[in-house]
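Architecture and fold: a report
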Amino acid sequence: MPLLEIVQVGDPVLRAVARAVTQEELARPELLSLIDDMRETMRAAPGVGLAAPQIGIGLKLAVIEDPASVSAEDRASREREPVPFHVIVNPTLTVEESEPARFYEGCLSLSGFAAEVARARAVRVDALDEHGRPITIRARGWYARILQHEIDHLNGTLYIDRMDTRTFRRVD
Ligand code: ZN
């Protein structure tokens, strides 16, 4: 399974608004093969989400999987629970609880850095799955953060646009 190259900040693809995946594209085996490669690339990174623009493809498509392999304390404070692998295609996001949670987050396209970002605590996402079937996701806590981060990518937005700039730092 070939790993894909994750593009870094500065590449214009990260700043473009991705286009919707068509029903015709959803029916092609190439799309499932791309999703497989994105899953393996995300796991190898490792990361908990990967949006198509991050591998240089301007499509509204992202993969998400969070094993939540952090301490019990971090799980509790971040409202972080394991999220199984899944795909979101052409998602729209609705904030369901706008009261923000503030935590450090990073991005595979800004390798080596992190900053504190305020994100809505609960969201609803309407999307398609990899087979073109409509799905609705209701998410809280860290999962809601991941969804907001990945859907931002599909709109050309990075966490540095939303961060508390004075908290931006290297992680090593
Ligand atoms: Zn990212």
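Now for a description of the structure that goes with this document. Throughout, residues of each chain are indexed from 1 in the direction in which the sequence is written. Local features in this predicted model are restricted to residues whose pLDDT is 70 or higher, and side-chain atom pairs enter the listing and the counts only when it is 80 or higher, whereas totals over whole chains, interfaces and linings include all residues. Note that water and hydrogens are dropped before the side-chain values are worked out from all heavy atoms of the structure.

Considering the nonpolar core
Cut-off, in case you're wondering: Among buried residues, the Ala, Val, Leu, Ile, Met, Phe, Trp, Tyr and Cys ones that are joined through side-chain atoms within 4.5 Å form a nonpolar core. To sort residues, take the accessible area from a 1.4 Å probe on protein chains only and compare it with the maximum for the residue type: under 20% means buried, over 50% means exposed, and anything in between is partly exposed. The helix count covers DSSP runs of H or I at least four residues long, the strand count covers runs of E at least two residues long, and both are numbered beginning at the N terminus. What makes two residues a contact is simply this: any of their non-hydrogen atoms within 4.5 Å.
Within the largest apolar cluster, 20 residues are counted, with the highest numbers of intra-cluster contacts made by I88 and L147. Mapped by element, the contributors of at least two residues to this core are β2 (61–66), β3 (83–105), β4 (113–128), β5 (134–140) and α4 (141–154). Broken down by element, the residue count for this core peaks at seven residues, all from α4. Not counting residues up to four positions away in its chain, the partners in contact with I88 are K60, L61, A62, I64, A127, L128, I135, I137, L147 and I151. Listed in part, the 17 residues of the second largest apolar core include A52, I55, V89 and L128.

What to know about the pairing of β2
As a reminder of what qualifies: Any two strands with at least two DSSP bridges between them are considered paired.
Most of β2 sits inside the fold, with six of its six residues counted as buried. Neither face of β2 is left uncovered, since the one carrying L61, V63 and E65 and the one carrying A62, I64 and D66 both have all their residues buried. With three bridges joining them, strand β1 (residues 49–51) and β2 adopt antiparallel strand pairing. Counted as the bridge partner of L50 is V63 from β2. Judged from the five bridges that link them, β2 and β3 form a sheet pairing that is antiparallel.

Side note on the coordination of the zinc ion
Our working rule: Only nitrogen, oxygen and sulfur atoms qualify as donors, provided they sit within 2.8 Å of the metal or within 3.2 Å for Na, K and Ca; with water excluded from the atoms, sites may seem incomplete.
Protein coordination at the zinc ion comes from C107 (SG), H149 (NE2) and H153 (NE2), with a distance range of 2.0 to 2.3 Å. As a motif over one chain, the donors of the zinc ion read C-x41-H-x3-H. Linking C107 in the loop between β3 and β4 with H149 in helix α4, this pair joins segments that are 42 residues apart in sequence. Look at H149 and you get buried, because its relative accessible area is 9%.

Considerations on unusual backbone geometry
Note the cis peptide between A45 and P46, where omega equals -10°. Turning to its location among the elements, P46 is positioned in the loop between α2 (29–44) and β1. Positive phi values are uncommon outside glycine, yet A68 reaches one of about 55°. Mapping A68 onto the fold places it in the loop between β2 and α3 (72–77). A relative accessible area of 1% means that A68 is categorised as buried. For E79, which is not glycine, the phi torsion reads 50° and is therefore positive. As for its position among the elements, E79 is in the loop between α3 and β3.

Section: α2
For the record, the criterion: An expected span of 1.5 Å times one less than the residue number is assigned to each helix.
Over its 16 residues, α2 runs 23 Å from end to end, which matches the ideal 22 Å to within 8%, given 1.5 Å per residue. Taken residue by residue, α2 has L31, L34, I35, D37, M38, R39, T41 and M42 as its buried positions. On its buried side, α2 packs onto α1 (23–26), β1, β2 and β3.

Any link to function would need more than the numbers given here.
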